[in-house]
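Structural characterization, general
Listed below, chain by chain, are the residues.
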Amino acid sequence: MRCELACSYVQTGAFQPAQSVIRVSPFEGHTSYAPFTCTQCAEGWCLTACPVEAIAISPVGAKIVQNDQCVGCKLCTIACPYGTMFYNPETQKALKCNLCGGAPACVVACPTSAIEYVEAETADWLGAFAADRSPRHLERQAAMAEAR
Amino acid sequence: MAKRHVIVGGGTSGANAILTIREHDRGESEITLVSAERPYSRMVLPYYLGRSIAESHVFTLTPPRLAQLRVKTHLGRRAAKLDTGGNRLTLDDGTALDYDDLLIATGSSPVRAPVPGADLPGVHSFWTLEQARGVVSQIREGAHVVMVGAGFIAFTILNAVLGLQARLTVVEIAPQILPRMLDRLGADLVERWLARHGVTIRTGATLAGIEEEAGKKRLRFRDGEEVVADVVIMATGIRTNLEWLQDSGVRVNRGVLVDDHLRSSVPNVFAAGDVAESRDLVTGLPALHAIEPTAMEHGRVAGANMAGENITYRGSLLMNIVEVCHLDIATFGAWDDPTANAFAALQPERWAYRKLLWRENRLTGALILGKADDIWTTNDVGMLKGLVQSGADLGKWKEHLRRNPFDVKPAFIASGTTARLLPQTILGRPSVPA
C-alpha cells in the first residue's frame, strides 16, 4: 500500500491513504492486490459534468482539477462511472489523479514494480486479473454462508 | 448561405449545445441565443449563497466568450411564439428570428405552495440568480430561516444557510424529508443527523398560510401549529417552461417529447434539458429528469446533431448527490422501483446506509448514504454509478454484494465493468475542454 501513502502525500501533503487517488483492492482473501486509479478515459465524464469548466486536460494528457475554478459541488464524483473522482474535505475541492504532472509518485513508491508508467492503449488492465483470482474466494464465501 | 441555428435558453443545455456546434463547425454557421437571463450555472448558486465564491464565478457564457464564439444574442428577451410552419420565432419585444433549426432549452421555474401569503415580500424562491441575490441579502447571523419543502433544491442550500450562522427549520408536507431521493429508512437516518447538527425538521406539516408580522413572517400550519421566521425560502417544486409552445405544433406531454437524436415531433426543432422528455437509460421509457447531468448530455447531443452529425443518444441516467453537514446522499437509476429485487443495509453507528436494486444480475438502481470522509462512501459512489450505467451482468458478485453490500469495489473490478465502460462516449469521440 505504499502507492497510497505516496499518492496522498503528493496530492494532499499528508500521509493519509483515505485521501489517496490510487486505491488498492485485495483479492482472493488478501492473497493478491490490484491498484485502481483514473484511466483518463476518452469521455472524461468528470470534465463534461463540471458546471464551471474546472477540469482541464494537462500537457501529459491527464484530466486535472483547477482548484481556483472548482466550487466543490461533487457532480463529478457521481458522473465518473469508475469511482476515481474524489473530494478533499480540507480544501472542499474535487480531487483526482493528475499523473503527478508526468512523474507519478505511485510508480516510484511501489516496491514490487507492479505499477509502470508507459505509453499504452487505454484498457481494463485489472478486470481479467481480478476475475481470475475471484471465483474460488466467492465459492468459499458462499459455502461459509451456507454452513451458517 | 450559412446555416442559422437559434438556441432558446442559456442554461446548461443551451450553453452545451452552442459549444458543441462550435466544436464541430469552428464558427461557420450562424448562432443566435435568446435568453431571459445572462447565462450562468444554477448548480453553483448555493456556493454563492454560502459566500465561498463571488457572484462573478457563476457566469458561463460571458459577453467576451459569446463574441469569441460568434454568437448573436438577445439577452433579457423571452420567446413568445414559435411558428414551425414558417420557421420563425417571435420574441416578447416583437423581434422575429428566422431559423434553419431551433433548440428549445427553456428549462423550468419554481412553483410556490398555493397558500395565502406565498407571494409576500420576504418569501423567496431559490432558483434563478436574481432570486439567489434576494436571499443572500437577507440571511444574517442568528436569523431564523424557514425552508418550506425538504426536496433536493432545499437540501442543496442547507449547508450555505447553516454556514451563515442562521437558525434553520425545514418543513415538509410529506411524512419524510427528501421524498424523491430517499426511502423511509434513509430519511430517518438523515433526519437524526440533521437534528444533531441543530436543524429543526417538521415533516407531515401542511402550510395553511403566511402572514406579515412586524417585519417577520408567521407561518400557520393546518394542524394549528405556528412558526415565526425572519426569512422564508420556498422550495416546493418546479414546472417546465412550455407555455410559449402553444399552437406551435411541437408535441408535448409532461415535457417536449424527443427522439433518440433529441428531435421533437417537428424535425428541425430540437429540445434539451429540463423541458425535454427523453429516454431514461435504465427503464427505456420517456422521462422528465430535470437534472444538471441530463441537461448537459442533451445539450451536447442536440448541438452535435444540429451541426449535421448523426449522434444517437442512449438515454439519461437519473442521478443526484447532495451533501448536508458532511453526510453524502446519492442516488442512481431506478433507486425507488418497487418491483425490483432490492436489498438494503444499515450501519447506524457509522451513519451508513445503502440500497441496491436489481433486475436479475444487473444493478438497476442504487442509493448510498454515508459520511463524506468515510472510505465506504468515497470508494463506492462512482462505482455504483458505473455498475448501473454499464448494466454489467454481475453473476456471482450479486450474492457477494447481498452478503457484503459495503464491498462494491472487488465486484466492480472483477466483473470487467471498466472494459464495458471504456468505449462509451456521448458523442462517439473523446471529449475536449470547451
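Residues numbered from 1 in each chain as written. Chains lettered and ligands numbered in written order. Predicted model: local features only at pLDDT ≥ 70, side-chain atom pairs only at ≥ 80, totals over all residues.

A short note on the overall build of chain B
Within chain B, the regular secondary structure consists of 12 helices and 26 strands. Compactness check: chain B gives a C-alpha radius of gyration of 23 Å against a globular reference of 22 Å for 434 residues, within 12% of the reference. Taking the principal axes of the C-alpha coordinates as reference, chain B spans close to 65 × 65 × 35 Å. By the burial criterion, 49% of the 434 residues in chain B qualify as buried. Residue pairs in contact within chain B that sit at least 24 positions apart in sequence constitute 65% of those at least 6 positions apart. (Helix = DSSP H or I, 4+ residues; strand = E, 2+ residues; numbered from the N terminus. Rg over C-alpha atoms; globule rule 2.2 N^0.38 Å. Buried ≥ 20, exposed ≤ 12 C-beta atoms within 10 Å, placed from the backbone. Contact = placed C-beta atoms within 7 Å.)

Focus: the overall build of chain A
Scanning chain A from N- to C-terminus turns up six helices and six strands. When the backbone C-alpha atoms are referred to their principal axes, chain A occupies close to 55 × 30 × 30 Å. A burial count over chain A gives 40% of its 148 residues as buried. Sequence-distant contacts in chain A: of pairs separated by 6 or more residues, those separated by 24 or more amount to 48%.

Quick word on the interface of chain B and chain A
On the side of chain A, 46 residues touch chain B, which itself brings 49 residues to the contact. Put simply, the parts of the chain that give the side of chain B that touches chain A at least two residues each are α8 (292–306), β22 (319–324), α9 (375–390), α10 (397–403), α11 (408–414) and α12 (417–421) of chain B. For the side of chain B that touches chain A, a count of residues per class yields 24 nonpolar, 16 polar and nine charged. (Nonpolar A, V, L, I, M, F, W, Y, C, P; charged D, E, K, R; others polar.)

Let's talk about the sheet that holds strand β1 (residues 4–8) of chain B
All names here are of chain B. Ordered by their spatial adjacency, five strands build an open sheet running β3-β2-β1-β7-β19, and the pairing between neighbours is parallel. Each having just a single partner strand, β3 (71–75) and β19 (269–271) make up the two edges of the open sheet. Averaged over all pairs of adjacent strands, the angle between their axes in this sheet comes to 20°, without regard to strand direction. (Pairing = 2+ DSSP bridges. Axes fitted to C-alpha atoms, helices over the stretch in contact; angles between N-to-C directions.)

Things to note about the domain arrangement of chain A
All names here are of chain A. You can read the domains of chain A as domain 1 (1–37 + 98–148) and domain 2 (40–96). For domain 1 versus domain 2, the distance between C-alpha centres works out to 21 Å. Class assignment for the residues of the side of domain 1 that touches domain 2 results in two nonpolar, eight polar and no charged. (Domains from an automatic or database assignment.)

Digging into the pairing of strand β5 (residues 88–91) of chain B
All names here are of chain B. In terms of strand pairing, strand β4 (residues 79–83) meets β5 through four bridges, oriented antiparallel. Its bridge partner being in β5, Leu 82 is matched across the sheet by Leu 89. Here β4 hands over to β5 after four residues, with Asn 87 in that stretch at a positive phi of 50°. Where β5 meets strand β6 (residues 96–98), three bridges bridge the pair, whose relative direction is antiparallel. By the bridge assignment, Leu 89 is partnered in β6 with Leu 97. Connecting β5 to the antiparallel partner β6 that follows it, the hairpin turn spans four residues, and Gly 94 within it adopts a positive phi of roughly 90°.

Things to note about the pairing of strand β7 (residues 101–104) of chain B
Residue and element names in this part refer to chain B. Alternating residues of β7 divide into Asp 101 and Leu 103 and Leu 102 and Ile 104, and every residue in both groups is buried. Two strands pair when backbone bridges link them, and β1 and β7 are joined in this way by four bridges, in the parallel orientation. Across the sheet, residue Val 8 finds its bridge partner in β7, namely Ile 104.

Overview of the domain arrangement of chain B
Residue and element names in this part refer to chain B. Per the domain assignment, the segments making up chain B are domain 1 (4–109 + 239–306), domain 2 (123–236) and domain 3 (326–419). Each of domain 2 and domain 3 was reduced to a C-alpha centroid, and the two centroids are 30 Å apart. Across the boundary between the two partners, domain 2 contributes eight residues, which contact 12 residues of domain 3. Residues of the side of domain 2 that touches domain 3, tallied by class, amount to six nonpolar, one polar and one charged.

Comments concerning the environment of Pro46(B)
Residues and elements named next belong to chain B. Inspection of the secondary structure assignment puts Pro 46 in helix α2 (residues 45–49). On the basis of neighbour counts, which here come to 24 C-beta atoms within 10 Å, the residue Pro 46 falls in the buried class. Between the alpha carbons of Pro 46 and Trp 127 there is a distance of 9.8 Å; along the sequence they are 81 residues apart.

Notes on helix α7 (residues 184–196) of chain B
An α-helix turns once every 3.6 residues. As a result, residues three or four positions apart point the same way. Residue and element names in this part refer to chain B. Over its 13 residues, α7 extends 18 Å from the first C-alpha to the last, a length consistent with the 18 Å expected when each residue adds 1.5 Å. When we look at burial in α7, the residues that qualify are Gly 186, Ala 187, Leu 189, Val 190, Glu 191 and Leu 194. Tucked inside the fold, the buried residues of α7 contact β12 (200–202), β22, β23 (327–333), β25 (352–359) and β26 (362–371). (Expected span 1.5 Å × (residues − 1).)

Focus on the packing of helix α1 (residues 12–25) of chain B against α8(B)
Residues and elements named next belong to chain B. It is at 7 Å that the axes of α1 and α8 come closest, and there the two elements cross at 35°. Crossing of α1 against α8: the hand is right-handed. From α1, Thr 12, Ser 13, Gly 14, Ala 15, Asn 16, Ala 17, Ile 18, Thr 20, Ile 21 and His 24 reach across to α8, where they touch Glu 292, Ala 295, Met 296, His 298, Gly 299, Arg 300, Ala 302, Gly 303, Ala 304 and Met 306. Among the residues making up the contact of α1 with α8, the classes are represented as nine nonpolar, nine polar and two charged. (Left-handed = near helix turned anticlockwise from the far one by under 90°.)

Things to note about the sheet that holds strand β10 (residues 144–148) of chain B
Residue and element names in this part refer to chain B. Within the open sheet, the five strands sit side by side as β9-β16-β10-β11-β12. Their pairing is parallel. Lying at the two open borders of the sheet, with one neighbouring strand each, are β9 (123–125) and β12. Strand-to-strand twist of the sheet, defined as the mean angle between neighbouring strand axes without regard to direction, takes the value 20°. Across five bridges, β10 lies against strand β11 (residues 167–171) in parallel orientation. Each residue of the ladder has a partner; that of Val 146, found in β11, is Thr 169.

Digging into the nonpolar core
Residue and element names in this part refer to chain B. The biggest cluster of nonpolar side chains holds 171 residues, and the ones touching the most others in it are Leu 103 and Val 190. Tallying contributions element by element places α8 first for this core, with six residues. Setting aside chain neighbours within four positions, we find Val 190 in contact with Ile 177, Leu 178, Leu 182, Val 324, Leu 327, Ile 329 and Leu 369. (Core = buried A, V, L, I, M, F, W, Y, C linked by C-beta atoms within 7 Å.)

Here's the deal with the confidence of the model for chain B
For chain B, per-residue confidence averages 96 on the pLDDT scale, and 100% of positions sit at 70 or higher. Here the complex is predicted with pTM 0.96, and the ipTM for its interfaces comes to 0.95. (pLDDT = per-residue confidence, 0-100.)

Topic: unusual backbone geometry
Residues and elements named next belong to chain B. At Arg 51, a residue that is not glycine, the phi angle is positive and equals roughly 60°. With respect to the helices, strands and loops of the structure, Arg 51 is situated in the loop between α2 and α3 (63–68). A residue is classified by how many C-beta atoms lie within 10 Å of it, and Arg 51, with 13 of them, is partly exposed. For Gln 165, which is not glycine, the phi dihedral falls at a positive 65°. Gln 165 gets classed as exposed once you count the C-beta atoms within 10 Å, which come to 11.

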